[in-house]
Amino acid sequence: MNTKVKEIMNTKLETIQPDATVYDAIEKLVDRRMRSLIVLPKDDNDVYGVITVRDIVFKVISKNLDPHKIKIEEIASKPVISIDKETEIEHLIKLMEKFNIARVFVHEGKQIVGVVSLFDVLSATLIARARRD
Amino acid sequence: MFEKLLSGGKLEKKVIESIKTHLKILCSATECFENSIITEQKEGTFCVSDLEREADSVRREIITTIHQGAFLPFIRPNICKFIEIVDEAFDILEDAAFEFRYVKDEIYKIIKNECIRVSKINSEMCKLLSIAFDAFIGKGDLKEKSLAIRIYEKQVDDLKFDISEKLRTVEIKDFWDGKTINDFVGYLTKISDLIEDASDYLYIIELSLR
């Protein structure tokens, strides 16, 4: 398909501090109509993480835990899986399949600049098919 | 499907070539507007008006040829309607270009990235509409093109929501600044609606011919 990740990535990103509560994350996710938040590193030695709606439902809600009492760092996935923005979609799909994940973050140097979801991949594929005369 | 109705008629072929030209001019107009938005060169938007005038004469030529007897009578209004929708997209694009010239730079900077993305999508949608028309008169899969156009339109809808959210945080002191930016965003995001309508209409015509 020769499409690069940077062409289809979503640059709308939201972050959250690791010591915030899960309830803070729920509020952000609902307000911003998003499904994941980037968890900022605690210090210079720490790395970026991610918290998704899935994490909240399966690790907190389904276990009847209080979202006000659970800290983000307790349930966040670290390190965040990310790829370079120049990567082609084929590699992205392989990565998603390998790790069984629905979204992959995109980095430029050390900075996270975007996110690509399975739906973005599907849309890009359908558009590329339609473009073929 | 559509080629069955052509039956080698000269007038029909003339209309089809003119529609292709009409769509190509729309692609050029959206691309030209996209460049002006990216470079923030407001003078550059005058190319949209020039191309709109050019397209207007092509539109008149198409309608005249149809009324001279191109195509079977039952299909003529449908083709005219398709042309009118594309023409409306030109008008809205021209309105967006006009408003852009009066948008305050400091307000525009806040939503520049989103506006660039919308105008890029508008350009891509025009190219797809052109491909969809080729599929309509040939043997391509029009349904696939129509779906891709719908995907793009959804992306513009999401961007419109993001733009509104950003603009709500801006304090606007002058009535005209507010009206101009509101109209500009409204027109910019309406172009995709019209391209989607045009693509849907092509699909409806194809269905009606089955």
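Residues numbered from 1 in each chain as written. Chains lettered and ligands numbered in written order. Predicted model: local features only at pLDDT ≥ 70, side-chain atom pairs only at ≥ 80, totals over all residues. Heavy atoms only, no water.

We count it as follows: UniProt positions are given in the numbering used here, feature names are shortened, and annotations may be inferred rather than shown by experiment.
Under an unreviewed UniProt entry, the name given to chain B is TIGR00153 family protein, and the organism recorded is Thermodesulfovibrio aggregans. Within the UniProt record for chain B, the comment given under Sequence similarities (unreviewed entry) is "Belongs to the UPF0111 family."

Looking at an unreviewed UniProt entry, chain A carries the name CBS domain-containing protein, with the source organism given as Thermodesulfovibrio aggregans.

Things to note about the state of the cysteines
Residues and elements named next belong to chain B. To keep things clear, this is the line we draw: Here, a disulfide means two cysteine sulfur atoms that sit within 2.5 Å of each other. Each helix is a run of DSSP H or I of at least 4 residues and each strand a run of E of at least 2, with the numbering of both proceeding from the N terminus. Only protein chains enter the area calculation, which uses a 1.4 Å probe; residues under 20% of their type maximum are buried, those over 50% are exposed, and those in between are partly exposed.
Per the stated rule, a full pass over the model turns up one disulfide over all chains. Between Cys 32 and Cys 47 runs a disulfide, and the two sulfur atoms are separated by 1.4 Å. On the criterion of sequence distance, the pair formed by Cys 32 in helix H2 (residues 10-39) and Cys 47 in helix H3 (residues 46-67) is long-range, its members being 15 residues apart. In this structure Cys 32 comes out as buried when scored by relative accessible area, which is 15%.

Thoughts on the packing of aromatic side chains
Residue and element names in this part refer to chain B. Counted only if it meets this: Only Phe, Tyr and Trp rings are paired, with Trp represented by its six-membered ring, and only when their centres lie within 6.5 Å; those with planes under 30 degrees apart are stacked, over 60 edge-to-face, the remainder tilted.
Evaluated as defined, the whole model comprises eight aromatic pairs over all chains. With a centroid separation of 6.0 Å and 10° between ring planes, the pair formed by Phe 82 and Phe 133 is classed as stacked. Here Phe 82 is found in helix H4 (residues 76-100), whereas its partner Phe 133 is found in helix H5 (residues 105-137), with 51 residues between them in sequence. Accessibility assignment for this pair places Phe 82 and Phe 133 in one class, buried.

Quick look at the nonpolar core
Soluble globular proteins: nonpolar side chains tend toward being buried together. Note the following rule: In plain words, nonpolar cores are sets of buried Ala, Val, Leu, Ile, Met, Phe, Trp, Tyr and Cys residues tied together by side-chain atoms within 4.5 Å. Contacts are residue-level and defined by heavy atoms, with any inter-residue pair within 4.5 Å sufficient.
In terms of nonpolar packing, the biggest core is built from 73 residues, with Ile 19, Phe 33, Ile 37, Phe 82, Phe 133 and Phe 184 of chain B touching the most fellow members. Of all elements in the fold, only helix H6 (118-131) of chain A together with H2, H3, H4, H5, helix H6 (142-168) and helix H7 (175-209) of chain B reach the threshold of two or more residues within this core. Aside from chain neighbours lying at most four places away, what touches Ile 19 of chain B is Ile 62, Ile 79, Phe 82, Ile 83 and Phe 133 of chain B. Ile 16, Leu 29, Ile 51 and Ile 56 of chain A belong to the second largest nonpolar core, which has 15 residues in total.

What about the pairing of strand S6 (residues 111-117) of chain A?
Residues and elements named next belong to chain A. Rules: Here the rule is simple: two strands pair whenever DSSP picks up at least two bridges between them.
Of all seven residues that make up S6, six are buried, and the element is covered over most of its length. Bridge count between strand S5 (residues 103-108) and S6: six bridges; the pairing is antiparallel. Bridge pairing in S6 links Val 106 to Gly 114. The turn joining S5 and S6, which pair antiparallel and follow one another in sequence, is formed by two residues; a positive phi near 70° is taken by Gly 109.

Things to note about the side chain of Ser 192 of chain B
Residue and element names in this part refer to chain B. Basically, it comes down to this: For the purposes of these results, a polar contact is taken to be a pair of N or O atoms within 3.5 Å, where, inside protein, one atom must be able to donate a hydrogen and its partner to accept one; residues adjacent in sequence count only when each atom of the pair is a side-chain atom.
Take Ser 192: it is sitting in helix H7. There is a polar contact of 3.4 Å between the side chain of Ser 192 and the side chain of Glu 153. With residues up to four places along the chain from it excluded, the contact list for Ser 192 reads Asn 122, Met 125, Glu 153 and Val 156.

Observations regarding unusual backbone geometry
Backbone geometry follows two general trends: most residues other than glycine have a negative phi, and most peptide bonds adopt the trans configuration. Going from Lys 78 of chain A to Pro 79 of chain A, the amide bond is cis rather than trans, its omega being -10°. Mapped onto the elements, Pro 79 of chain A comes out in the loop between helix H4 (72-75) and strand S4 (82-84). Residues other than glycine seldom take positive phi values, yet Phe 71 of chain B does so here, at roughly 70°. With respect to the helices, strands and loops of the structure, Phe 71 of chain B is situated in the loop between H3 and H4.

Topic: the environment of Leu 202 of chain B
Residue and element names in this part refer to chain B. Its location among the elements puts Leu 202 in helix H7. The class for Leu 202 is buried, based on a relative accessible area of 1%. In this structure the C-alpha to C-alpha distance between Leu 202 and Ser 146, which are 56 residues apart in sequence, comes to 8.8 Å. Excluding its chain neighbours within four sequence positions, the residues that come into contact with Leu 202 are Phe 82, Ala 132, Phe 133, Phe 136 and Leu 142.

Section: the sheet that holds strand S2 (residues 36-39) of chain A
Residue and element names in this part refer to chain A. Just so we agree on the cut-off: Every axis corresponds to a line fitted to the C-alpha atoms, with the helix fit spanning only the stretch in contact, and the corresponding angles, defined between N-to-C directions, vary from 0 to 180 degrees.
Ordered in space as S1-S2-S3, the three strands form an open sheet in which the pairing is mixed. The sheet is open, and its two borders are formed by strand S1 (15-16) and strand S3 (49-52), each paired with just one other strand. By the bridge criterion, four bridges tie S2 to S3 in an arrangement that is antiparallel. Looking at S3, one finds that Ser 36 is bridged to Thr 52. Its contacts with the sheet put helix H2 (residues 22-31) on S1 and S2, and the angle it makes with S2 is roughly 130°.

Some points on the pattern of salt bridges
Residue and element names in this part refer to chain A. Filter applied, for reference: Each reported salt bridge corresponds to a side-chain nitrogen of Lys or Arg within 4 Å of a carboxyl oxygen of Asp or Glu.
Inspection of every chain in the model, using the stated rule, returns 26 salt bridges over all chains. Two residues, Lys 78 and Asp 46, come together in a salt bridge whose shortest N-O distance is 2.8 Å. Of this pair, Lys 78 sits in the loop between H4 and S4 while Asp 46 sits in the loop between S2 and S3, placing them 32 residues apart in sequence. Classification of Asp 46 as partly exposed rests on a relative accessible area of 22%.

Looking at the packing of H2 of chain A against helix H3 (residues 53-61) of chain A
Residue and element names in this part refer to chain A. What counts, and what does not: Oblique is the label for every angle not falling under 35 degrees (roughly parallel), over 145 degrees (roughly antiparallel), or within 65 to 115 degrees (roughly perpendicular). Crossings are sorted by hand: turned counterclockwise from the far helix by less than a right angle, the near helix makes the crossing left-handed, and turned clockwise it makes it right-handed. The nonpolar class holds Ala, Val, Leu, Ile, Met, Phe, Trp, Tyr, Cys and Pro. Asp, Glu, Lys and Arg form the charged class, and all remaining residues, Gly among them, are polar.
Closest axis-to-axis distance for the H2/H3 pair is 11 Å, and the angle between their directions is 140°. As far as their axial angle goes, H3 and H2 are oblique. The handedness of the crossing between H2 and H3 comes out as left-handed. Contacts from Val 22, Ala 25, Ile 26 and Leu 29 of H2 reach H3 at Val 53, Ile 56 and Val 60. Residue classes in the contact of H2 with H3 are distributed as seven nonpolar, no polar and no charged.

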